[in-house]
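# Examination of the molecular architecture
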Amino acid sequence: MRSRPAPAALAVLAALTALAASACAPQEADGTASGPTGPSASNSSATAASCAPAALATKAKGKLTVGTDTPAYAPWFQDDDPANGKGYESAVAYAVAKRLGFTEKDVVWQKVAFNNAFAPGAKTFDFDINQVSVNEDRRKAVDLSSGYYDVRQAVIALKNSPAAKATDLAGLKGARLGAQVGTTSLDVINEQIKPDRPAAVFQKNDLAKSALKNGQVDAIVVDLPTAFYITGAEVPEAKVVGQFEATGGTKEQFGLVLDKGSALTSCVSRAVDALRKDGTLAALEKQWLSDAAGAPVLK
């Protein structure tokens, strides 16, 4: 997960651009807001009436507070500005807001560190969008919406490293590997590659990229769109070696993060499901993540 391609500079879908134009700039999370607790709401409980803006118990009345990390990287965001509507996750956030009946002036962005988004405890945001993979461990602490992006993890290696020549998982076992802490990228290293030495763990992908560029590690694991961006724009001396198969028959997906037991969960999932069904998510993926084309599958 995390650290970023800037695909071609295309405008967001016209409606989304208008929606984002006057959105509020990010504000710091102060950690003081409280939220509901209890069992997660089911998607089937959401109705048009119960999901109308006036019926939603948001953190600030009449506003939708959306969290994400800083810096906000491409291709998920553009120009480190979540409020501009550019980049896949910024566009998805505004599309969800629109489905819920909020205007561009109603959306308030808030800075939330990646690991804090799904840590136990009450949240200061209504939902957080930050490449957070849906899994059962995280569901113990927070609610997660329906998936808005189907994820593949990928490995990037320095071109002069033996890891760059790997065609299967066995070819990576002897490499010095790294990934960001708390991510499914690190899980892939530990559970699929099972390297001969412990993986290097980094607080942010920026640190992982620096370690790769400086030769401190031979390869790092990130999500596939991020992998193409890093090799194309940030570390050209590296290459995308390949992507990993989904394991256990479960497709990895990114989901929106909400308070545990949030009354908004069913409505937010309902909005995401509608965006998938009507083709909006596919259109935004094609627009912002088109560089994440096929890469060899490592088995």
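Every residue gets a number counted from 1 within its own chain, in the order that chain's sequence is written. In keeping with the model being predicted, local features are shown solely for residues with a pLDDT of at least 70 and side-chain atom pairs are shown and tallied solely at 80 or more, while totals for entire chains, interfaces and linings include all residues. Each side-chain value is derived from all of the structure's non-hydrogen atoms; neither hydrogens nor water enter the calculation.

Further remarks concern the pattern of salt bridges. For this document, the term salt bridge refers to a Lys or Arg side-chain nitrogen within 4 Å of an Asp or Glu carboxyl oxygen. The full count for this structure, using the stated rule, is 11 salt bridges. For Asp-206, the salt bridge is made with Lys-209, and the minimal N-O distance between the two is 3.1 Å. Taken together, the residues Asp-206 and Lys-209, both in helix H6 (residues 205-213) and 3 residues apart, mark about one turn of the helix. Lys-209 gets classed as buried once you look at its relative accessible area, which sits at 7%. Numbering of helices and strands runs from the N terminus; a helix is a DSSP stretch of H or I covering at least four residues, while a strand is a stretch of E covering at least two. Under the scheme applied here, a residue whose accessible area is under 20% of the maximum for its type counts as buried, over 50% as exposed, and between as partly exposed, the area being computed with a 1.4 Å probe on protein chains only.

Looking at the chain as a whole, its pLDDT mean stands at 85, while 83% of the residues score no less than 70. Taken as a whole, residues 2-25 scores under 50 in pLDDT and shows 87 contacts with residues more than four places along the chain or in a different chain. pLDDT: the predictor's confidence for each residue, scored from 0 to 100. Any two residues having at least one pair of non-hydrogen atoms within 4.5 Å are treated as being in contact. In this model, residues 30-44 is a region of pLDDT below 50 whose contacts with residues beyond four sequence positions or in other chains number 34 contacts.

Lines are fitted to the C-alpha atoms to define the axes, a helix being fitted only along its stretch in contact, and any angle between axes, read from their N-to-C directions, falls within 0 to 180 degrees. At a closest axis distance of 9 Å, the pairing of helix H2 (residues 88-99) and helix H8 (residues 265-277) adopts a crossing angle of 110 degrees. Relative to H8, the element H2 is oriented roughly perpendicular. In terms of crossing hand, the pair formed by H2 and H8 is right-handed. The segment H2 lies against H8, with Ala-95, Val-96 and Arg-99 engaging Val-268, Ala-271, Val-272, Ala-274 and Leu-275. Residues belonging to the contact of H2 with H8 are distributed by class as follows: 7 nonpolar, no polar and 1 charged. Relative orientations are named as follows: roughly parallel for angles under 35 degrees, roughly antiparallel for angles over 145 degrees, roughly perpendicular for angles from 65 to 115 degrees, and oblique for any other angle. Handedness of a crossing follows from how the near helix is turned relative to the far one, being left-handed for an anticlockwise turn of less than a right angle and right-handed for a clockwise one. Amino acids are sorted into nonpolar (Ala, Val, Leu, Ile, Met, Phe, Trp, Tyr, Cys and Pro), charged (Asp, Glu, Lys and Arg) and polar (every other residue, Gly among them).

The next thing to look at is the packing of aromatic side chains. Only rings of Phe, Tyr and Trp enter the pairing, Trp through its six-membered ring, and a pair is recorded when the two centres are within 6.5 Å. The plane angle decides the type: under 30 degrees is stacked, over 60 is edge-to-face, the rest tilted. One pass over the full model with this rule turns up 10 aromatic pairs. When the ring of Trp-76 is compared with that of Phe-254, the centres are 5.6 Å apart and the planes differ by 70 degrees; the resulting orientation is edge-to-face. Here Trp-76 is found in the loop between strand S2 (64-68) and H2, whereas its partner Phe-254 is found in strand S11 (residues 253-258), with 178 residues between them in sequence. For Trp-76, a relative accessible area of 0% gives the class buried.

Any pair of cysteine sulfurs within 2.5 Å is marked as a disulfide. Counted under the stated rule, the structure contains 1 disulfide. Here Cys-51 pairs with Cys-267 through a disulfide, and the sulfurs are 2.1 Å apart. Linking Cys-51 and Cys-267, the disulfide has an S-S dihedral of approximately -90 degrees and is accordingly described as left-handed. Highlighted residues: Cys-51 in the loop between strand S1 (27-28) and S2 and Cys-267 in helix H8, separated in sequence by 216 residues. Using a relative accessible area of 7% as the deciding quantity, one classes Cys-51 as buried.

As a further point, take the packing of H2 against helix H9 (residues 280-288). Each pair of packed helices can be described by the angle between their axes along with the distance between the axes. For the pair H2 and H9, the least separation of the axes is 9 Å and the interaxial angle reads 155 degrees. With respect to each other, H2 and H9 are oriented roughly antiparallel. Classified by chirality, the crossing of H9 by H2 is right-handed. Taken together, the residues of H9 that come into contact with H2 (itself represented by Tyr-88, Ala-91, Val-92 and Ala-95) are Thr-280, Leu-281, Leu-284, Glu-285 and Trp-288. Taken together, the residues of the contact of H2 with H9 break down into 7 nonpolar, 1 polar and 1 charged.

Tracing the backbone through its elements, the reader meets Ala-175 in the loop between strand S6 (153-158) and strand S7 (177-180). Accessibility expressed as a relative area gives 6% for Ala-175, which makes it buried. On a C-alpha basis, the gap between Ala-175 and Pro-195 in space is 7.1 Å, while along the polypeptide they are 20 residues apart. Not counting residues up to four positions away in its chain, the partners in contact with Ala-175 are Ala-163, Pro-195, Arg-197 and Asp-218.

Attention shifts here to the nonpolar core. Tyr-88, Val-96, Leu-100, Trp-109, Phe-127, Ile-129 and Tyr-148 are the most contacted members of the largest nonpolar core, which has 39 residues in total. Elements with a minimum of two residues in this core: S2, H2, strand S3 (107-111), strand S5 (143-150), S11, H8 and H9. Of the residues forming this core, the biggest block, 8 residues, is contributed by H2. Dropping the residues within four chain positions of it, Phe-127 is found in contact with Leu-64, Thr-65, Val-66, Gly-67, Ala-93, Val-96, Leu-256, Val-257, Leu-258 and Val-268. Buried residues of nine kinds, namely Ala, Val, Leu, Ile, Met, Phe, Trp, Tyr and Cys, make up a nonpolar core once their side-chain atoms join them within 4.5 Å. Core analysis: the next-biggest nonpolar cluster, separate from the first, contains 20 residues, Ala-164, Ala-179, Ala-199 and Ala-219 among them.

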